[in-house]
2 protein chains.
Amino acid sequence: MDDFAADPSHPRYASLLMRHRLEVAAERGMLAASAMIAHGRGEAFDYLLGERSTTSALAAARQALAVLQAAERPVLSVNGNVAALACDEMLQLANVLQCPLEVNIFYRTPERMEAILSYMKERNDALGLEVNVLGDSPNATIPGLKGPRAACHREGILESDAILVPLEDGDRCKALVAMGKNVVVIDLNPLSRSAQQASITIVDELSRALNNMLEFSTSGEPVEVDETYDHRSILQAGLAEMLSSLK
Amino acid sequence: MDDFAADPSHPRYASLLMRHRLEVAAERGMLAASAMIAHGRGEAFDYLLGERSTTSALAAARQALAVLQAAERPVLSVNGNVAALACDEMLQLANVLQCPLEVNIFYRTPERMEAILSYMKERNDALGLEVNVLGDSPNATIPGLKGPRAACHREGILESDAILVPLEDGDRCKALVAMGKNVVVIDLNPLSRSAQQASITIVDELSRALNNMLEFSTSGEPVEVDETYDHRSILQAGLAEMLSSLK
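The structure contained in this document is the topic of the report that follows. (Residues numbered from 1 in each chain as written. Chains lettered and ligands numbered in written order. Predicted model: local features only at pLDDT ≥ 70, side-chain atom pairs only at ≥ 80, totals over all residues. Heavy atoms only, no water.)

**Things to note about the sheet that holds strand S6 (residues 162-164) of chain A**
All names here are of chain A.
So, point 1. With parallel pairing, six strands are arranged side by side in an open sheet as S3-S2-S1-S6-S7-S8. Looking at strand neighbours, the two that pair on one side only are strand S3 (133-134) and strand S8 (200-202), the edges of this open sheet.
So, point 2. Inspection of the sheet shows strand S2 (residues 101-103) paired to S3 by two bridges, in the parallel sense. Its bridge partner lying in S3, Glu102 is registered against Leu134.
So, point 3. Taken strand by strand, helix H3 (residues 55-70) contacts strand S1 (74-78), S6, strand S7 (182-186) and S8, and its axis lies near 130° from that of S8. (Pairing = 2+ DSSP bridges. Helix = DSSP H or I, 4+ residues; strand = E, 2+ residues; numbered from the N terminus. Contact = heavy atoms within 4.5 Å. Axes fitted to C-alpha atoms, helices over the stretch in contact; angles between N-to-C directions.)

Below, the structure is given as structure tokens:
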């Protein structure tokens, strides 16, 4: 996937690889103007996390997988940064869950939608998968949102009962929760509105979180919904791990 | 300066204004590819600071002004992000200090140098100032650095005894300290290599820090070098203020 020449033993390899992926995506027209700034904010929080999956992040990833597996109509939502940073992992997870994936972006333009959709289709074919990639002909709207950012597919986001929305905007996250869905967010800032409002928040870097979910799904061990899972205490634990790294 | 239409009473006005300035600078070719990501990292730390100048940041800004005023040959260094975010404030500070300002960028290309220099000259004229803006014909090198990033002016950075280098790279900051200069850094991450290595570090958002220095310089109150100033304890205090906001 990546024509990235850096040495994998470089201590900043993973971080440099993600930047490289963003640059490639920017050249393809997949990103909004704010994409790089948003990524930089994430980098700062990941730096505080020690650039590793914490115990609480692993617990959240396991619960997220369990909830998506137990759902009747799960769906994975993909925006520009998600497509740039972890297109393959999102496709692989949709394949594991046998669910559709919907491209759904905040600053919607036909050009960006087309750039992201064609990239997803390219990777779907390259991986030999047959994931149903939605987004090109929205036929419904998310209640409570205005304008193009409300557009979605009835057979995708609208009728889903559980949704993974990594790197999501706070208003959209809130609107999805208000629809009664189980909303799983992946966000490095445990204090963000999305992180606070979601049903389950994985405080981790996107590709690490997705790879953890993929590993849980293929480990052979059963992954079951933990009825005692406490969203607030998992968020608190993530924050506490950042605090201890600052001390 | 800014053709920026947002309402100044908007709670995110200052942050949105800075993003707008970066977008304008990007269009003018002043920024490297990494500029937006670096800005986003800063935003995350500023969020933790509560987007305000802390007591320790004010103490550092006061000491920085005193040290630059007491220097025989102060100089202000400007890179792409600094020119984008606080061009006017840097020119005004150079005017107060009656010192030169040198454009000095990490990823040096003739096009970016020209874009930044012409913007600085435009603003110098618009403000009615006659600040000596260096950078267009470097005739010396910073010892310990390789390639184009070592280039500087003899009458500017090379022979200065005190230098303000906001948003500076760690290697360059280290090389300037090794030359025996008083190095003042403005950096929102108190744990960054630049913040750690500098003589004085102002942990604050760039334009806030510069406006504080400008206010101190025009307050009428004398601003004197504090011989007991402790770089480490000021950095610790900045970190402690971030920690308390996270709790």
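**Concerning the pattern of salt bridges**
So, point 1. Tallying each qualifying case throughout the model produces 24 salt bridges over all chains.
So, point 2. In this structure, Asp171(A) and Arg193(A) form a salt bridge, with 2.7 Å as the shortest nitrogen-oxygen distance. With a gap of 22 residues between them, Asp171(A) in helix H7 (residues 170-178) and Arg193(A) in helix H8 (residues 193-197) connect regions that are remote in the sequence.
So, point 3. Residue Asp204(B) pairs with Arg208(B) through a salt bridge whose shortest N-O separation is 2.8 Å. In terms of burial, Asp204(B) and Arg208(B) fall into one category: buried. (Salt bridge = Lys/Arg side-chain N within 4 Å of Asp/Glu carboxyl O. Buried < 20%, exposed > 50% of the residue type's maximum accessible area, 1.4 Å probe, protein only.)

**Quick word on the relation of the copies chain B and chain A**
So, point 1. For these two chains of identical sequence, chain B goes onto chain A by a turn of 180° and a shift of 0.0 Å along the axis, with RMSD 0.0 Å. With respect to symmetry, the two chain copies, as superposed, fit the operation of a two-fold axis.
So, point 2. A high fraction, 95%, of the interface residues of chain B reappear at the interface in chain A, so the copies pair face to face through one surface. (Least-squares fit on C-alpha atoms with pLDDT ≥ 70 in both.)

**Quick notes on the sheet that holds strand S2 (residues 101-103) of chain B**
All names here are of chain B.
So, point 1. Reading across from one edge, S3-S2-S1-S6-S7-S8 is the order of the six strands in this open sheet, with parallel pairing throughout. Each edge of the open sheet is held by one strand with a lone partner, namely strand S3 (133-134) and strand S8 (200-202).
So, point 2. Note: strand S1 (residues 74-78) against strand S6 (residues 162-164), three bridges, orientation parallel. Bridging from a neighbouring strand, Pro74 pairs with Ala162 of S6.
So, point 3. Packing against the sheet, helix H3 (residues 55-70) makes contact with S1, S6, strand S7 (182-186) and S8, and its axis sits at approximately 130° to S8.

**Comments concerning the pairing of S7(B)**
All names here are of chain B.
So, point 1. Most of S7 is tucked away: four of the five residues are buried.
So, point 2. In this sheet, S7 lies alongside S6 in parallel orientation, the contact comprising three bridges. Counterpart to Leu164 in the pairing with S7 is Val184.
So, point 3. After leaving S6, the chain enters helix H7 (residues 170-178) and then returns to the sheet as S7, a path that is right-handed.
So, point 4. Bridging between S7 and S8 involves three bridges; their strand directions are parallel. Pairing of Ile186 across the sheet is with Ile202, part of S8. (Right-handed = clockwise from strand over helix to strand, strands pointing away.)

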